[in-house]
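This is what each chain is made of:
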Amino acid sequence: MLALAGLTTACAPTYQLGLKPAKSTNLFVEGREQAQATADSVEVRLSFVCYEGNRVVFEAEYRNPTMRPLVVDPAAFQYEASRLPAPAPRARRPKPLPGTEVTAAVAAASASLPLPPLPPQAVPAFDPEPEITALHNRAESEASKAARIDWLGLALGVASVATDVASIGKRETVAQYQSRAAIHDVAVTYNAISAATKIEHAVTADVLQQRAAHLQEYALRKVTLAPGQQVRGYLYFPRYDAADALVVKAPVGSRVVPLEFAQVRTRK
C-alpha cells in the first residue's frame, strides 16, 4: 500500500491506496484475496500484490485441467481503467473522516487538485523478457567497468613513485619539492576517485543482477502448460492511481477473461 501520490497539499487529507477484487470470492493466497475467472475449463486467479514505484504488481495463477496444452503469455495481459463520476460541486464540502473509503474524484476534490484523464486505451502489462535481458546486459557493462584497469591512475602512481625515488639523497629546491608534492597529490586524489567509481560500478552491477534474478524467479514468464499443470507468477503493469476500477483482461487461448478490481483510497 502506498499513499496516493500527488493528491496532497499542506492541509489536505492523505490516503492509503489499494486494490481488491470488485466482488469478494473468499479465495486467498498468502493473505491476498484473489479474483477468479474460468474459460474453456481453464481457471485463472489474480491477486493484487503491491505498488512498486510507477508499477502495480499482481500475481496471476493458471490451472489447466484440460487435455490440451495452453500457452500463457504475460505480454498478452492488459487492463482497462475507469472511475466513478465526480460529485456535484458544492461551495463547501466536508473532508472525509479517517478510515473512510473515497473515490478518485473525491480525493482530488479534497486536495483541490484536477484529475488526470483516463488512459485512452487498454494498458498492456510489461513483458519481463526484454527487461531481464537489458538488466543482464547493463550488469555486465557495469561489472566490466568495475574490473577495468585504470591506466591513467597507474601512470600517475608510477610517476609519483618515480619522482619520490629520484629525490632521495638530493637537495630539492622549493619549486622541485612543490612539483613533486603536486604530482603526489594528483595521483592520490585521482586514484581515490577512481577506486570509488569502481566500487560504484560494482555495486550497481550487483543491484542490476539482483533485479534480473528477482524477475527471473518471480515474474510470470511465457510458458506452455501441459494438461494438468499450473503456474504462478507476478504481472507488472503501469500504475494509474486516479482510477476507481481496473478490469484486467487475462488471455486463455484465443479468448480473454475479465478480472475486476476496485481501487480504493482510505483516508488516513
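Residues numbered from 1 in each chain as written. Predicted model: local features only at pLDDT ≥ 70, side-chain atom pairs only at ≥ 80, totals over all residues. Heavy atoms only, no water.

1. Details of the overall build of the chain
Scanning the chain for helices and strands turns up 4 helices and 14 strands. For 268 residues, the compact-globule formula gives about 18 Å, and the C-alpha radius of gyration of the chain, at 29 Å, lies well above that figure. Along the three orthogonal principal directions, the C-alpha set of the chain runs to about 90 × 65 × 30 Å. Counting over 268 residues, the chain shows a buried share of 36%. A separation threshold of at least 6 residues defines the contact pool for the chain, and within that pool the share at least 24 residues apart is 70%. Carbon and sulfur atoms provide 58% of the accessible area of the chain, an area that totals close to 15200 Å². (Helix = DSSP H or I, 4+ residues; strand = E, 2+ residues; numbered from the N terminus. Rg over C-alpha atoms; globule rule 2.2 N^0.38 Å. Buried < 20%, exposed > 50% of the residue type's maximum accessible area, 1.4 Å probe, protein only. Contact = heavy atoms within 4.5 Å. Areas by Shrake-Rupley, 256 points an atom, 1.4 Å probe, with all protein chains shown as cover.)

2. Some thoughts on unusual backbone geometry
The residue E30 is not glycine, and still its phi comes out positive at about 50°. Among the secondary structure elements, E30 is positioned in the loop between β3 (28–29) and β4 (32–39). Not every positive phi belongs to a glycine, and S41 is a case in point at roughly 70°. Position of S41 among the secondary structure elements: in the loop between β4 and β5 (42–52).

3. What to know about the packing of helix α2 (residues 128–147) against helix α4 (residues 174–218)
Look at α2 against α4: their axes get within 8 Å of each other, and the N-to-C directions meet at 160°. By the angle between their directions, the pair α2 and α4 is classed as roughly antiparallel. The handedness of the crossing between α2 and α4 comes out as left-handed. Residues E131, I132, L135, H136, R138, A139, E142, A143, K145 and A146 of α2 lie in contact with α4, whose contacting residues are K198, H201, A202, T204, A205, L208, Q209, R211, A212, L215 and Q216. Taken together, the residues that form the contact of α2 with α4 break down as 10 nonpolar, 5 polar and 6 charged. (Axes fitted to C-alpha atoms, helices over the stretch in contact; angles between N-to-C directions. Parallel < 35°, antiparallel > 145°, perpendicular 65-115°, else oblique. Left-handed = near helix turned anticlockwise from the far one by under 90°. Nonpolar A, V, L, I, M, F, W, Y, C, P; charged D, E, K, R; others polar.)

4. A short note on the sheet that holds strand β6 (residues 55–63)
With respect to topology, 5 strands assemble into an open sheet ordered β3-β4-β5-β6-β12, the strand pairing being antiparallel. Single-partner strands in this sheet number two, and they are β3 and β12 (230–238). Two elements, β6 and β12, share 9 bridges in a ladder whose sense is antiparallel. Bridged to F58 within β12 is L235. (Pairing = 2+ DSSP bridges.)

5. Describing the side chain of T103
Topologically, T103 is positioned in the loop between β9 (101–102) and α1 (104–110). In contact with T103, not counting residues within four places along its chain, are L84, D244 and R265.

6. Remarks on the side chain of S47
Tracing the sequence through the fold places S47 in strand β5. In this structure S47 comes out as buried when scored by relative accessible area, which is 0%. Within polar-contact distance, the side chain of S47 engages the side chain of R32 at 3.2 Å. Not counting residues up to four positions away in its chain, the partners in contact with S47 are V29, R32, E33, Q34, V57, F58, E59 and F261. (Polar contact = N/O pair within 3.5 Å; in protein donor to acceptor, adjacent residues only side chain to side chain.)

7. Considering a nonpolar patch on the surface
Together, I149, W151, L154 and V158 give the surface a local cluster of nonpolar side chains, amounting to about 450 Å² of exposed area. On the secondary structure map, L154 appears in helix α3 (residues 151–166). (Patch = residues over 30% accessible without salt bridge, like charges linked within 9 Å, V, L, I, M, F, W, Y side chains within 5 Å. Salt bridge = Lys/Arg side-chain N within 4 Å of Asp/Glu carboxyl O.)

8. Focus on the packing of aromatic side chains
Counting across every chain of the model gives 8 aromatic pairs. Arranged with centres 5.9 Å apart and planes meeting at 90°, the rings of F58 and F237 form a pair that is edge-to-face. With a gap of 179 residues between them, F58 in strand β6 and F237 in strand β12 connect regions that are remote in the sequence. With respect to burial, F58 and F237 carry one shared label: buried. Ring geometry for Y234 against Y236: centres 6.4 Å apart, planes inclined by 70°, an arrangement best described as edge-to-face. Across this residue pair, the class does not change: Y234 and Y236 are buried. Site record: aromatic cluster; members linked through ring pairs are F48, Y51, F58, Y79, F237 and F261. Above the face of the F126 ring, R55 is positioned so that its terminal group lies 4.1 Å from the ring centre. (Phe/Tyr/Trp six-rings, centres within 6.5 Å; stacked < 30°, edge-to-face > 60°. Lys NZ or Arg CZ within 6 Å of the ring centre and 35° of its normal.)

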